[in-house]
Amino acid sequence: MRAVIAPEPGGPEALKLVETPDPTPGPGEALVRVEATALNRADLMQRKGHYPPPPGASEALGLELAGTVIALGAGARGWAVGDEAMAVVSGGGYAELAAVPASCLLPVPTGVSLIEAAAIPEVFTTVYDNMLLRGRLAGGETVLVHGGSSGIGTAAIQLARRAGARVLVTASSQAKLEAAARLGAEVGIDYTTQDFVVAAREATDGRGVNVILDVVGGRYLARNLDALALEGRLVIIGLQGGAEAEVNLGQMLSRRLSVAASSLRARSVEEKAGLAERMRRVVLPGFSDGTLRPVIDRVLSLDEVAEAHRLMDAGDHIGKIVLQVG
């Protein structure tokens, strides 16, 4: 099969489309013929040598996929050959075939194509797990989403609105803020010209926001805490602004603030399967009833993977960049 690897750290030119042995589904696994995958910020980090796959994962890049089940390993349950499925994977999304734990597969929602489905698993699972479960965002509350026009951001806006929350976003241009507004963001903050702490407090009559979903990390930590309301929750899911920062514990104590952080990639199969089951019950119905949809900036072929990475490096896209594999 063909797969994309990064044998040496570097820019988009470091990506190589190579022939590799076809995977064989092990016990409890399904073999999926991949129709499409999508880019995530973690793919760029892996390409640069900063985010290696966990032990046992495919060396091919790609953290999500959508395709058709073509074989089942011993003991794999709940799926049949010919079923369409999508999944978060620890690696191997940028490949023609992938062996995936059957318990971690998700059904493709009614009315969603495999190309569209490839843009769903990673961002919607990440946002559901972090903003709604860890961040405990509830109806009537306010959430600030950093990077509101990204794949994560577009998923977060929709899931927050579906939960009955008010959404504030940051982005770097008017076009991105307008895209976020079309999805339901009530307040857009251009972080290149505005102080998001001031803007967030103005938008909440000085109270601050209840939840912040943050992809920046260290550089934003102190300001994120300043933007939170009493008993506010900061959930960190990315480190684009660094992994280290000082925190004012006195501020956290006096205002009863909490900080959480997590990633999906290194979790056990059992943990991912449990999250997949909750996604199936709670989130996926939204794609069938029209309250949720994947936002896709463009679709490129697997042969154009370097161009796809260049586009994501540039940061001008809105939503997801999808690679058609099949």
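Presented here is a report on the structure given in the accompanying data block. The structure presented is a predicted model; accordingly, all values stated were derived computationally and were not measured.

## A few points about the pairing of strand β14 (residues 296-301)
Link 1 in the chain: Where β14 lies against strand β15 (residues 320-324), 5 bridges are found, and the strand directions are parallel. From the neighbouring strand, arginine 298 faces β15, where its bridge partner is isoleucine 321.
Link 2 in the chain: In this fold, the crossover linking β14 to β15 by way of helix α11 (residues 305-314) has right-handed handedness.

## Considerations on the nonpolar core
Link 1 in the chain: Membership of the largest hydrophobic core comes to 73 residues, with the highest contact counts inside it found for Phe124, Met131 and Leu159.
Link 2 in the chain: Filtering out sequence-adjacent residues up to four positions away, leucine 159 remains in contact with Phe124, Val127, Tyr128, Met131, Leu132, Val283 and Leu292.
Link 3 in the chain: Formed by 29 residues, the second largest nonpolar core is a distinct cluster that contains Leu15, Leu44, Ala102 and Leu105.

## With respect to α11
For an α-helix, the turn length of 3.6 residues means that residues three or four places apart are oriented alike.
Link 1 in the chain: Among the residues making up α11, those that are buried are Val305, Ala308, His309, Leu311 and Met312. Seen from one end, α11 has its buried residues packed into an arc of 160 degrees, which puts them on one side.
Link 2 in the chain: Residues of α11 that are buried make contact with β1 (2-5), α1 (41-47), β14 and β15.
Link 3 in the chain: One or two positions beyond α11, positive phi appears at glycine 315, with a value near 80 degrees.

## A closer look at the sheet that holds strand β13 (residues 258-261)
Link 1 in the chain: Overall, parallel pairing links the 6 strands, which are arranged β10-β9-β8-β11-β12-β13 in an open sheet. Single-partner strands in this sheet number two, and they are β10 (187-190) and β13. Ignoring which end each strand starts from, the neighbouring axes of this sheet average 15 degrees apart.
Link 2 in the chain: Of the strand pairs in this sheet, strand β8 (residues 142-145) and strand β11 (residues 209-214) are connected by 3 bridges, and their pairing is parallel. Directly across from leucine 144, in β11, lies its bridge partner isoleucine 212.
Link 3 in the chain: Its contacts with the sheet put helix α4 (residues 151-162) on β8, β9 (166-171) and β11, and the angle it makes with β9 is roughly 170 degrees.

## Remarks on the environment of aspartate 297
Link 1 in the chain: If you trace the backbone, aspartate 297 turns up in strand β14.
Link 2 in the chain: For aspartate 297, the residues in contact, after removing those within four places along its chain, are His317, Ile318 and Lys320.
Link 3 in the chain: Only 2.8 Å separates the side chain of aspartate 297 from the backbone nitrogen of isoleucine 318, close enough to count as a polar contact.

## Here we look at the side chain of asparagine 130
Link 1 in the chain: Position of asparagine 130 relative to the elements: it lies in helix α3 (residues 121-134).
Link 2 in the chain: Assessed through its relative accessible area of 2%, asparagine 130 is described here as buried.
Link 3 in the chain: In this view, asparagine 130 contacts Gly135, Leu213, Val235, Ile237 and Ser262; residues no more than four positions away in its chain are not counted.

## Some details on the environment of alanine 85
Link 1 in the chain: Relative to the helices and strands, alanine 85 resides in strand β5 (residues 84-88).
Link 2 in the chain: Spatially, the C-alpha atoms of alanine 85 and valine 34 are 9.4 Å apart, while their sequence positions differ by 51 residues.
Link 3 in the chain: When sequence neighbours within four positions are dropped, the list of residues in contact with alanine 85 reads Leu65, Ala66, Gly67, Val69, Trp79, Leu105, Leu106, Val108 and Leu114.

## Points about the pattern of salt bridges
Link 1 in the chain: The full count for this structure, using the stated rule, is 16 salt bridges.
Link 2 in the chain: Connected via shared salt-bridge partners are Arg2, Glu96 and Asp303.

## Points about unusual backbone geometry
Link 1 in the chain: Unlike most non-glycine residues, aspartate 205 shows phi in positive territory, near 55 degrees.
Link 2 in the chain: In this structure, aspartate 205 sits in the loop between α6 (196-203) and β11.
Link 3 in the chain: Given a relative accessible area of 66%, aspartate 205 falls into the exposed group.
Link 4 in the chain: Its identity as a non-glycine residue notwithstanding, arginine 256 has a phi of 55 degrees, on the positive side.
Link 5 in the chain: In this structure arginine 256 comes out as partly exposed when scored by relative accessible area, which is 46%.

## Regarding helix α5 (residues 174-183)
Link 1 in the chain: Among the residues of α5, those classed as buried are Lys176, Leu177, Ala179, Ala180 and Leu183. Buried residues of α5 fall within an arc of 160 degrees about the axis and therefore sit on the same side. Away from its buried face by more than 90 degrees, α5 exposes Gln174 and Arg182.
Link 2 in the chain: Elements that come into contact with the buried residues of α5 comprise α4, β9 and β10.
Link 3 in the chain: Looking one or two residues beyond α5, the residue adopting positive phi is glycine 184, at roughly 125 degrees.

## Considering the environment of valine 211
Link 1 in the chain: Here valine 211 is to be found in strand β11.
Link 2 in the chain: Distance from valine 211 to alanine 171, taken between C-alpha atoms, is 17 Å for residues 40 residues apart in sequence.
Link 3 in the chain: The residues contacting valine 211, other than those within four sequence positions of it, are Gly135, Leu137, Glu141, Thr142, Val143, Leu144, Leu228 and Arg233.

## Some thoughts on the packing of aromatic side chains
Link 1 in the chain: Counted under the stated rule, the structure contains 2 aromatic pairs.
Link 2 in the chain: With a centroid separation of 4.9 Å and 75 degrees between ring planes, the pair formed by phenylalanine 124 and phenylalanine 287 is classed as edge-to-face. Here phenylalanine 124, found in helix α3, pairs with phenylalanine 287, found in helix α10 (residues 285-289); they are 163 residues apart in sequence, far enough to count as distant.
Link 3 in the chain: With a centroid separation of 4.9 Å and an interplanar angle of 45 degrees, the aromatic rings of phenylalanine 196 and tyrosine 220 are classed as tilted.

Definitions and cut-offs
- For every chain, the first residue of its written sequence is number 1, and the numbers climb from 1 along that sequence.
- Per-residue local features are limited, in this predicted model, to residues with pLDDT of at least 70; the limit for side-chain atom pairs, both in listing and counting, is 80 or more; totals at the level of whole chains, interfaces and linings are taken over all residues.
- Note that the side-chain values use all heavy atoms of the structure and ignore hydrogens as well as water.
- The rule for pairing is simple: two strands pair if DSSP sees at least two bridges between them.
- Only DSSP runs of H or I reaching four residues or more are called helices, and only runs of E reaching two or more are called strands; each is numbered from the N terminus.
- For crossovers, right-handed means that the path from the first strand over the helix to the second runs clockwise, given strands pointing away from the viewer.
- By convention a nonpolar core is built from buried Ala, Val, Leu, Ile, Met, Phe, Trp, Tyr and Cys residues, the set being connected through side-chain atoms within 4.5 Å.
- Exposed residues in this analysis have more than 50% of their type's maximum accessible area, buried residues have under 20%, and partly exposed residues fall in between, with area computed by a 1.4 Å probe over protein chains only.
- Working rule for contacts: check all heavy atoms of both residues, and any pair within 4.5 Å makes them a contact.
- The arc in question is formed by the directions pointing from the helix axis toward the C-beta atoms.
- Axes here refer to lines fitted to C-alpha atoms; in helices the fit is confined to the stretch in contact. Angles between the N-to-C directions go from 0 to 180 degrees.
- Pairing of N or O atoms within 3.5 Å defines a polar contact, subject to two protein rules: one partner must be a possible hydrogen donor and the other a possible acceptor, and residues neighboring in sequence count only if both atoms are side-chain atoms.
- Just to be clear on terms, a salt bridge is a Lys or Arg side-chain nitrogen sitting within 4 Å of an Asp or Glu carboxyl oxygen.
- Centre distance within 6.5 Å is the pairing criterion for rings of Phe, Tyr and Trp, where only the six-membered ring of Trp is used; planes under 30 degrees apart are then read as stacked, over 60 as edge-to-face, and the remainder as tilted.

Keep in mind that these numbers describe shape and distance, not what the molecule does.
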